[in-house]
Structure formats: structure tokens, C-alpha cells
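# Results of the structural survey
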Amino acid sequence: MEISIRQLVQDIQGEIAKGNLMPQRAAELLIQLSALLGNITEEITQRDYEYNLVLLQFLDNETKANRAKIKAEVSKEYLAKRRAYNTRDLAIELIRSLKYFLRAQEQEMREAKY
């Protein structure tokens, strides 16, 4: 069974949430998340395309654009698109958190020397 990008990001989130994260492991997770960000962007591009095809079908069949959009937004393609964007947002926030954590650890180590 292949693990999805979304699942990888959620696994990293779970590890961070547990606490007791060592700086070395935090750096590894930061690198992994940064690498995954490119894959997430590619996923978003694909999901946007798939959703736009669905939206286009509804636009062809509806007289009003707002109705077509509402119908398209209840499709599985729209759900997949939203999940891809949410995964990206989560990955970015985790990256920010890890960077802050590593800076704080570095500062603490510097202050401990003196």
C-alpha cells in the first residue's frame, strides 16, 4: 500500500505534537517537509485541473454560473482539491513551527555557554 503525501504530512504532524522532539530529529522533519512541499504543489496543480474539468461540465449544462459552481463544489474533485490545499497549508505551518523550534533551541544553547 502506497502512503499518500497527505498521510506523510499528518504523520509528521503527529510526531511533532507528541513533544520531546530532539533538535536533530526536528531538522530531519524540516528537510522532509520542505521536500514534500514540491510534491504537494504538483498535487494541487493536478487537483485544480480535475476540478476545473468538472466545473466546465456543469457550466455547459447550467444557465447560471453560480449554480454550476455550487454543483461543482459538491464533487469529489472539489474535495480532493481542498484537501490538497489544506495539506499545503499544514505543511507550511509545520515548517514554520520547526524553524521556530530550531531557532529557540539554538538560542538556548548559545545562552547556556555563557
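Computed from a predicted model, the values in this text were never measured in an experiment. (Residues numbered from 1 in each chain as written. Predicted model: local features only at pLDDT ≥ 70, side-chain atom pairs only at ≥ 80, totals over all residues. Heavy atoms only, no water.)

### Thoughts on the overall build of the chain
Within the chain, the secondary structure is distributed over 4 helices and 0 strands. Its C-alpha atoms give the chain principal-axis dimensions of roughly 70 × 30 × 20 Å. Counting across all 114 residues of the chain, residues that qualify as buried make up 23%. Contacts in the chain between residues far apart in sequence, at least 24 positions, make up 71% of those at least 6 positions apart. Summed over its atoms, the accessible surface of the chain is roughly 8300 Å², and 53% of this surface lies on carbon and sulfur atoms. Here the chain contributes 18 positively and 17 negatively charged side chains, and the mean placements of these two sets differ by 5 Å. (Helix = DSSP H or I, 4+ residues; strand = E, 2+ residues; numbered from the N terminus. Buried < 20%, exposed > 50% of the residue type's maximum accessible area, 1.4 Å probe, protein only. Contact = heavy atoms within 4.5 Å. Areas by Shrake-Rupley, 256 points an atom, 1.4 Å probe, with all protein chains shown as cover. Lys, Arg positive; Asp, Glu negative; His and termini not counted. Charge placed at Lys NZ, Arg CZ, Asp CG, Glu CD.)

### What about the pattern of salt bridges?
Using the criterion set out here, one finds 10 salt bridges in the structure. Among the ionic pairs, Glu 62 bridges to Lys 71, the shortest N-O distance being 2.4 Å. Connected through shared salt-bridge partners, Glu 15, Arg 25 and Glu 28 make up one network. (Salt bridge = Lys/Arg side-chain N within 4 Å of Asp/Glu carboxyl O.)

### Some thoughts on the side chain of Asp 48
Checked against the element boundaries, Asp 48 lands in helix H2 (residues 23-61). Here the side chain of Asp 48 touches Tyr 85 through a polar contact of 2.7 Å, side chain to side chain. With sequence-adjacent residues up to four places away left out, Asp 48 is seen in contact with Lys 81 and Tyr 85. (Polar contact = N/O pair within 3.5 Å; in protein donor to acceptor, adjacent residues only side chain to side chain.)

### Regarding H2
For H2, spanning 39 residues, the distance from its first C-alpha to its last is 55 Å, which sits close to the expected 57 Å at 1.5 Å a residue. Along its length, H2 shows its largest kink, about 25 degrees, at Leu 37. What H2 keeps buried is the set Ala 26, Leu 29, Leu 30, Leu 33, Leu 36, Ile 40, Ile 44, Asp 48, Tyr 51, Val 54 and Leu 55. Residues of H2 that are buried in the fold lie against helix H1 (5-18), helix H3 (65-72) and helix H4 (76-113). (Expected span 1.5 Å × (residues − 1). Bend = angle between axes of the 7 residues up to and from the residue.)

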